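Here is how the chains run, residue by residue.
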Amino acid sequence: MFAKTVTESFANVIHGLSSAHLTEAVIVRSKRMILDTLGVGLLGTTTEVFQKALQYSKIYSADISSTVWGQSDVRLPPLYASFVNGVAVHSMDFDDTWHPATHPSGAVLPSLIALSESYLGNQRPSGLDLLLAFNIGIEVQGRLMRFSKEARDIPKRFHPPTVVGPMGSAAASSKFLRLNQSQCREALAIAASYSGAPMANVATQTKPLHIGNAGRHGLEASCLAYLGLEASKQIFDLETGFGAFYNDYDPQSLPSLDSFTWLLEDQDVAFKRFPAHLGMHWVADAASAVRRHIVGSNGLLPVDSVKRIELKIPDAKYVNKPFPTSEHEARHSFQFNACTALLDGTVSVQSFTESNIYRPNLRELLSKIQVVHPSDNKPNFEKLYCEVNITMQNGDTFSERCDTFYGHWRKPLSKEDLVNKFRSNASTVLSKDGVEGILETVDRLEDVADCSVLSSFLKLKNDALEERKKTILQ
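Residues numbered from 1 in each chain as written. Predicted model: local features only at pLDDT ≥ 70, side-chain atom pairs only at ≥ 80, totals over all residues. Heavy atoms only, no water.

Draft legend 1. Layout of the environment of T162. Mapped onto the elements, T162 comes out in helix 7 (residues 160-176). Classification of T162 as buried rests on a relative accessible area of 5%. Put simply, T162 and P198 are 36 residues apart on the chain and 8.8 Å apart in space, counted from C-alpha to C-alpha. Ignoring sequence-local partners within four residues, the contact set of T162 consists of S195, G196, A197 and H210. Reaching out from T162, the side chain makes a polar contact with the backbone nitrogen of A197 at a distance of 2.8 Å. (Helix = DSSP H or I, 4+ residues; strand = E, 2+ residues; numbered from the N terminus. Buried < 20%, exposed > 50% of the residue type's maximum accessible area, 1.4 Å probe, protein only. Contact = heavy atoms within 4.5 Å. Polar contact = N/O pair within 3.5 Å; in protein donor to acceptor, adjacent residues only side chain to side chain.)

Right under this line is the structure:
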């Protein structure tokens, strides 16, 4: 069908794309994204914010229900399963990141897994169906982010997953639910009315709700479109539509199905080695390299001998937190991650515990930091760099700069390291059978007849850790 508007071109592509359009590169990259998202989501079920979201969501019940990841005794209506599992994915800021800046997978995968075991009746979706819908959800987010030049920089007003995430979830859910072209268009427009959350809630417990809500609202928009709810027919064409989120909105129609290419084919995503804002990975790698100059591989940093620490970082206010007081602030602090890497030689999941945040040696290092914002250091995940310069009390100086950290799309994690990350994360919650079952299923996902098998593995919990999780809210 000829697309007369940008909005119609999106609906046409969502409805018309088939598994035949998936390329080998896109399948490989998206399976890596799915595996990583499941792993960080499972680890995220151990967090306080997940437990609060789950406690709230238990007030809802329905005849149709879906799995809550890592829980063998709790099921929720699909909308709320999508919500709490999405919260888990982003609860530690450990999920993947794309450019222009957004977290693409967490807004899409929880909705599709919830749908796979609920709304589709006897027509069980295959692994290939899941891959197609997932990639459509990722693609829509990437295309929308490219309608604005300002979106290429680290955001200042709206948290991007709350802007494009509901769109991605609506697109993926619409494909999974087999909506017609008009319904796909309506779903996108409905989802736009759920979009947008302010950056002020970043570095708080509320930030993970952004991903949970993006997935839930996109799924809800698709269900309402299926029932015939109407919305703007030009949501992507108007400045008063999706353009309301950007000062320089310039929408473009998607290419026709005959000439369609995936953004994921051209640009991979970044996978994090530790749970913090993506910018922290540059400064941690630079600081770790400086530390090796001072003490080698295994020595202790002589904190008293450090006179001054200079950080050359991009000017992004919400990740410039000199003395963080919570795990969520610490995950968004250039200063904290630089000092942690200087002290320990690395940053890990354990770095963000309260006892580590308030270590006297770390607080002393924080007091010695000076921040510089060079004019050429852009707050942009494609262009930024971090430089760490240390001056010792005796006058010695040490310096290192990181232009591309390990895990960035220019320097992707190896398959072995990605699998090791998944195993480490998932095994904190799941039994060995659950961990290995997910690994095997995702590895051969395009050949899986019924993708809802993933849910059966996601609830094989590690009982030895249940008591620890129950104490989180006490």
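Having seen the model, we can carry on.
Draft legend 2. Summary view of the side chain of S116. Locating S116 in the fold gives a position in helix 5 (residues 109-116). Judged by relative accessible area, S116 falls into the buried class, the value being 1%. Excluding residues within four positions of it along the chain, S116 makes contact with R124, P125, F176, C451, S452 and S455.

Draft legend 3. Structural detail: the side chain of R331. Position of R331 among the secondary structure elements: in the loop between helix 12 (327-330) and helix 13 (334-344). Classification of R331 by relative accessible area gives buried; the value is 3%. In this structure the side chain of R331 is engaged in a polar contact, spanning 2.8 Å, whose partner is the backbone oxygen of P275.

Draft legend 4. Main features of the domain arrangement of the protein. Along its sequence, the protein is organised into domain 1 (6-271) and domain 2 (278-402). Each of domain 1 and domain 2 has a C-alpha centre, and the two are 33 Å apart. Across the contact, 21 residues belong to domain 1 and 14 residues belong to domain 2. Of the roughly 1,500 Å² buried at the junction of domain 1 and domain 2 (both faces included), carbon and sulfur atoms supply 68%. Where domain 1 meets domain 2, there are 0 salt bridges. Connecting domain 1 to domain 2 are 5 residue pairs in polar contact (both at pLDDT 80 or more). By residue class, the composition of the side of domain 1 that touches domain 2 is 11 nonpolar, 6 polar and 4 charged. (Domains from an automatic or database assignment. Buried area = accessible area lost by both parts, 1.4 Å probe. Salt bridge = Lys/Arg side-chain N within 4 Å of Asp/Glu carboxyl O. Nonpolar A, V, L, I, M, F, W, Y, C, P; charged D, E, K, R; others polar.)

Draft legend 5. Spatial organisation of the pattern of salt bridges. Considering all chains together, one arrives at 22 salt bridges under this definition. Note that E150 is salt-bridged to R157, the shortest N-O span being 3.9 Å. We classify R157 as partly exposed; its relative accessible area is 39%. R423 is the salt-bridge partner of E436, the closest N and O atoms lying 2.9 Å from each other. Remark: R423 occurs in helix 16 (residues 415-426) and E436 occurs in helix 17 (residues 432-443); sequence separation between them is 13 residues. Among the residues examined, E436 registers a relative accessible area of 29% and is labelled partly exposed. Note on R423: relative accessible area 35%, which makes it partly exposed. Members of the salt-bridge network, linked through shared partners, are D93, K207 and K272.

Draft legend 6. Representation of the nonpolar core. One finds F10, L38, L144, F236, F242, Y246 and I438 to be the most contacted residues of the largest nonpolar core, which totals 102 residues. In contact with F10, not counting residues within four places along its chain, are V140, R143, L144, F147, L188, F236, Q252 and L254. (Core = buried A, V, L, I, M, F, W, Y, C linked by side-chain atoms within 4.5 Å.)

Draft legend 7. Looking closely at the packing of helix 2 (residues 24-44) against helix 17. Between helix 2 and helix 17, the least distance of the axes is 9 Å, while the angle of their chain directions is 160 degrees. Judged by the inter-axis angle, helix 2 sits roughly antiparallel to helix 17. Note on packing geometry: the crossing formed by helix 2 with helix 17 is right-handed. Seen from helix 2, the contacting residues are K31, I34, L35, L38 and L42; seen from helix 17, they are I438, L439, V442 and D443. Partitioning the contact of helix 2 with helix 17 into residue classes produces 7 nonpolar, no polar and 2 charged. (Axes fitted to C-alpha atoms, helices over the stretch in contact; angles between N-to-C directions. Parallel < 35°, antiparallel > 145°, perpendicular 65-115°, else oblique. Left-handed = near helix turned anticlockwise from the far one by under 90°.)

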